[in-house]
Amino acid sequence: MKKIRIVTDSTADIPKELVEKFNLTVVPLKVHFGESTYLDGVNLSASEFYKKLEQSPLLPTTSQPSPLDFVDTFKGIHDQEEGNVSIISIHLSSALSGTYQSANLAKNMIGNEVDVTVIDSKMASYAIGIIVIAVAEAAESGKTKEQCILLAEQLIEETVVYFVVDTLEYLQKGGRIGKASALFGSLLNIKPILSLDRDGEVYAIDKVRGQKKAFGRLIQYLKEYAGDHKVRVGISHGEAYEEVEQIKEMLHQDFEISDMVITDIGPVIGTHVGPKTVAVTMYKIL
């Protein structure tokens, strides 16, 4: 049986220790501050990014890897494993970025030379990562390529993510909402609770005044989803350390958790949601 290797991109926000543990290949997206370009997670860490974001008068922009970046990645793995490899490449929602399309173009450019399956996670941040890690665990336990792909598809359907942004400013700067909405939200301390729909697009499910209430509502949505099932959880955040402790305590009170990963929201996702964002990802263990 061929060895299975997992490729993802930097927006999965997977902690370095898990990347190393499962020998994952992470293709970086780019972040642009004016004339300066950085590779997400390579020469710009999350903490460095949030410092720059605070100091920069302009909102940074982001860009996807090119198809050639993926061609080099896929061929590199193929050569490293001497051809005895199946690659499963799991990426940021195609509704939010062209990263998935770049990986697909690379697969078509390579043809049958390399065994690659490209998957649209329809997720962002550790909502991608939690799926990638589950698939990597399955591969390590001896599951076939087909079983790993089926697991990825199932988890894409079953995983939920809810996130609370600290301010609407970054969504407004990125063109997601109007200036009036951003100002209105800031004045009234409105905290929108956002999620990703089945097509992988961001949508607002609720708006609550104050962070404590927002976290309470977020937990309520997760309880409605999970019921009495044991769950796997990921918390990703934009330097919101105190907030993470609050949400972590709330989660432990209300859920039977088999595994919890806490990770940083990296530069690319951070550009669009801003600092102090907290996201909770969950799937039921059936």
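Since the model is a prediction, treat every value here as computed from it, not as a measurement.

Q: Got a minute to help me understand the environment of Arg 198 in this structure?
A: Structurally, Arg 198 is set in the loop between strand S9 (190–196) and strand S10 (202–209). The class of Arg 198 is partly exposed, set by a relative accessible area of 46%. Sequence-wise, Arg 198 and Lys 212 are 14 residues apart; in three dimensions their C-alpha atoms are separated by 27 Å. Beyond its immediate stretch of four places on either side in the chain, Arg 198 contacts Lys 122, Ile 156, Glu 157, Glu 158 and Thr 159. Of the polar contacts made by the side chain of Arg 198, one reaches the backbone oxygen of Ile 156; its length is 3.4 Å.

Q: I'm lost on the pattern of salt bridges in this one. Help?
A: Counting across every chain of the model gives 12 salt bridges. Arg 5 is paired through a salt bridge with Glu 81; the nearest N and O atoms lie 2.9 Å apart. Here the residue Arg 5 occupies a position in strand S1 (residues 3–9), and Glu 81 occupies one in the loop between helix H3 (67–80) and strand S6 (85–91), the gap between them amounting to 76 residues. Taken individually, Arg 5 and Glu 81 each receive the classification buried, so the pair is uniform in this respect. The shortest N-O distance in the salt bridge between Arg 232 and Asp 259 comes to 3.1 Å. Of this pair, Arg 232 sits in strand S11 (residues 230–237) while Asp 259 sits in strand S12 (residues 257–264), and the two are 27 residues apart along the sequence. Overall, Asp 259 belongs to the partly exposed group, its relative accessible area being 27%. Here the salt bridges do not stand alone but share partners, grouping Lys 2, Asp 115 and Lys 145 into one network.

Q: Explanation requested: the sheet that holds S6 in the structure shown.
A: Sheet strands pair by backbone hydrogen bonding; their relative direction is either parallel or antiparallel. Spatially, S2-S1-S6-S7 is the arrangement adopted by the 4 strands of the open sheet, whose pairing is parallel. Strands at the two margins of the open sheet, each flanked by one partner only, are strand S2 (25–27) and strand S7 (115–120). Each strand of the sheet is rotated relative to its neighbour by a mean of 25 degrees, with strand direction disregarded. Relative to S6, S1 runs parallel, the two sharing 5 bridges. Counted as the bridge partner of Arg 5 is Ile 87 from S6. The sheet contacts of helix H5 (residues 126–140) involve S1 and S6, and relative to S1 the element is tilted by about 170 degrees.

Q: Help me out: how do you make sense of the packing of aromatic side chains in this one?
A: By convention here, two paired aromatic rings are described through the distance between centres and the angle between planes. A full pass over the atoms with the stated rule returns 5 aromatic pairs. Measuring from ring centre to ring centre gives 6.3 Å for Phe 33 and Tyr 38, while their planes differ by 80 degrees; the resulting arrangement is edge-to-face. Its relative accessible area of 13% is what places Phe 33 among the buried residues. Here the aromatic rings of Phe 33 and Phe 49 are separated by 6.0 Å at their centres, their planes lie at 55 degrees, and the arrangement is tilted. Of the two residues, Phe 33 is situated in strand S3 (residues 30–33) and Phe 49 in helix H2 (residues 46–55); the sequence distance between them amounts to 16 residues. Of the residues examined, Phe 49 reaches a relative accessible area of 0% and is grouped as buried. Members of the aromatic cluster, each reached through a chain of ring pairs, are Phe 33, Tyr 38, Phe 49 and Tyr 50. One Lys or Arg, Lys 52, reaches over the ring of Phe 33 and ends 5.9 Å from the middle of that ring.

Scoring rules and cut-offs
Within every chain, residues take consecutive numbers counted from 1 along the sequence as written. Totals for whole chains, interfaces and linings use all residues, but because this is a predicted model, local features are given only for residues with pLDDT of at least 70 and pairs of side-chain atoms are given and counted only at 80 or more. Calculated side-chain values reflect all of the structure's heavy atoms, with hydrogen atoms and water omitted. In DSSP terms, a helix is any run of H or I states spanning at least four residues, a strand is any run of E spanning at least two, and both are numbered starting from the N terminus. The rule is simple: take the accessible area with a 1.4 Å probe, protein chains only, and divide by the maximum for that residue type; under 20% is buried, over 50% is exposed, in between is partly exposed. Whether two residues are in contact is decided by their heavy atoms, any of which lying within 4.5 Å being enough. Counting of polar contacts relies on pairs of N or O atoms within 3.5 Å, with two restrictions inside protein: one atom must be capable of donating a hydrogen and the other of accepting it, and residues adjacent in sequence are counted only when both atoms are side-chain atoms. When a carboxyl oxygen of Asp or Glu lies within 4 Å of a side-chain nitrogen of Lys or Arg, that pair is called a salt bridge. When DSSP locates at least two bridges between a pair of strands, those strands are taken to pair. Fitted lines through C-alpha atoms give the axes, limited to the stretch in contact for helices. The angle between two N-to-C directions lies from 0 to 180 degrees. Ring pairs are drawn from Phe, Tyr and Trp, using the six-membered ring of Trp, whenever the two centres fall within 6.5 Å, and their geometry is named by plane angle: stacked under 30 degrees, edge-to-face over 60, tilted for the rest. The rule for a charge over a ring is simple: NZ of Lys or CZ of Arg within 6 Å of the ring centre, and within 35 degrees of the ring normal.

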